[in-house]
Amino acid sequence: MLSKWRKSRNSESPKRFVAPASFQLLQHINLSHCCYQPDQVNEISFCPQHMSVMEYQDPRFGVETVDAVYPEDRDSALVLDVRCGTGLVAEGLQKVGFKKFHGIDGSERMVNIVKSKGLYQSLTQWMGTADNSLPIKSGTYDLVTVVGGLAQQYLPWDNLPELLRVTKSGGFNGLTMRAEESDHRSKLLTLIQELVNKGLWEKVVERYVEKWQKEMLETKVSEEYVDGVVAIYRKI
């Protein structure tokens, strides 16, 4: 696994994954081991069986990067895990000293599943849209993470200001995304830079990871990997 910090690279864009391919792929997987049914677009990519065949490692990369830059005072830090899924990010952060977690996910089923793990002191169902504000007061969290959720079908790019709003001044935002070119990613990066230019946050570190996860094709998982990026920003 090759990981580079603050590395940028121009390369041919891999074939984009779209949700319907997940359903075709999962026809070839024993769904009796999966906690979701294939009519649940926003949940299917977080099925443990699905993540396994994809070699999905966003939570590990995200946690490693946060651990490398976050100050030592972690016992009292309040973390918001956006698109918390099955709780992999909270599990990882707990191992590096974080103890207080609030989770948000758009799926009621997902919220109910992860509740049984006892990782989060608070869990909220919330569908992120530009017109749907988080039911949270401004400046609440020391760390806000969006790991594996910055895709159009999960969390729209224009939700970033809302996530920044609920972060404390001096707090951190951890984001992960695939490195492929797309209209969604272009808009996301443009907004990130606009927030930098406005003096609302500053980049702490950007980590480029090769072999992020296996690429999803129409009916199978490719042997080829796509690359990814972890970025940490600090609210000013």
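Residues numbered from 1 in each chain as written. Predicted model: local features only at pLDDT ≥ 70, side-chain atom pairs only at ≥ 80, totals over all residues. Heavy atoms only, no water.

A. A look at the nonpolar core. Core analysis: the biggest nonpolar cluster contains 28 residues, and Leu80, Leu160, Leu163, Leu175, Ile192 and Trp201 have the highest contact counts within it. Secondary structure elements with two or more residues in this core: β2 (78-82), β5 (141-146), α6 (160-165), β6 (167-178), α7 (183-197), β7 (201-216) and β8 (221-235). In terms of residue count, α7 provides more of this core than any other element does, four residues in total. Ignoring sequence-local partners within four residues, the contact set of Leu80 consists of His102, Ile104, Ile136, Tyr141, Leu143, Val144, Thr145 and Val166. Listed in part, the 23 residues of the second largest apolar core include Val63, Ala77, Cys84 and Val230. (Core = buried A, V, L, I, M, F, W, Y, C linked by side-chain atoms within 4.5 Å. Buried < 20%, exposed > 50% of the residue type's maximum accessible area, 1.4 Å probe, protein only. Helix = DSSP H or I, 4+ residues; strand = E, 2+ residues; numbered from the N terminus. Contact = heavy atoms within 4.5 Å.)

B. Fine view of the confidence of the model for the protein. Confidence in the prediction of the protein, expressed as mean pLDDT, is 77, and 69% of residues score 70 or more. Predicted confidence in the protein is weakest over helix α1 (residues 19-26), with a mean pLDDT of 38, and strongest over β5, with 97. Segment residues 7-46 is flagged for pLDDT under 50; beyond a separation of four residues in sequence, or across chains, it makes 88 contacts in the model. (pLDDT = per-residue confidence, 0-100.)

C. Spotlight on the packing of aromatic side chains. Under the counting rule described, the total for this entry stands at four aromatic pairs. Ring plane angle 75° and centroid distance 6.4 Å describe the contact between Phe101 and Tyr120, whose orientation is recorded as edge-to-face. Of this pair, Phe101 sits in strand β3 (residues 100-105) while Tyr120 sits in the loop between α5 (108-115) and β4 (122-125), and the two are 19 residues apart along the sequence. Since its relative accessible area comes to 0%, Phe101 is described here as buried. Exposure remark for Tyr120: the relative accessible area of 10% places this residue in the buried category. For the pair Trp201 and Tyr233, a centre-to-centre distance of 4.4 Å together with 20° between the ring planes defines the contact as stacked. Residue Trp201 is located in strand β7, and its partner Tyr233 is located in strand β8; the two are separated by 32 residues in the primary sequence. As far as burial versus exposure is concerned, Trp201 and Tyr233 are alike and both buried. (Phe/Tyr/Trp six-rings, centres within 6.5 Å; stacked < 30°, edge-to-face > 60°.)

D. Seen up close, the pairing of β4. Sheet topology note: the β3/β4 ladder contains four bridges and is parallel. Across the sheet, residue Asp105 finds its bridge partner in β4, namely Gln125. One crossover worth recording links β3 to the parallel β4 by way of α5, and it is right-handed. (Pairing = 2+ DSSP bridges. Right-handed = clockwise from strand over helix to strand, strands pointing away.)

E. Broad picture of the pairing of β5. When you tally the buried positions in β5, you get six out of six residues, the bulk of the element. Sheet topology places β2 next to β5; four bridges connect them, and they run parallel. Paired with Val79 across the bridge in β5 is Leu143. Bridge count for β5 against β6 is five bridges, and the pairing is parallel. Among the inter-strand pairings, Thr145 is bridged to a residue of β6, identified as Gly174.

F. Quick peek at the environment of Asp142. Here Asp142 shows up in strand β5. For Asp142, a relative accessible area of 16% gives the class buried. Along the chain, Asp142 and Val166 lie 24 residues apart, while their C-alpha atoms are 9.1 Å from each other. Only 2.8 Å separates the side chain of Asp142 from the backbone nitrogen of Leu78, close enough to count as a polar contact. Among the polar contacts made by the side chain of Asp142, one reaches the side chain of Lys168 at a distance of 3.3 Å. (Polar contact = N/O pair within 3.5 Å; in protein donor to acceptor, adjacent residues only side chain to side chain.)

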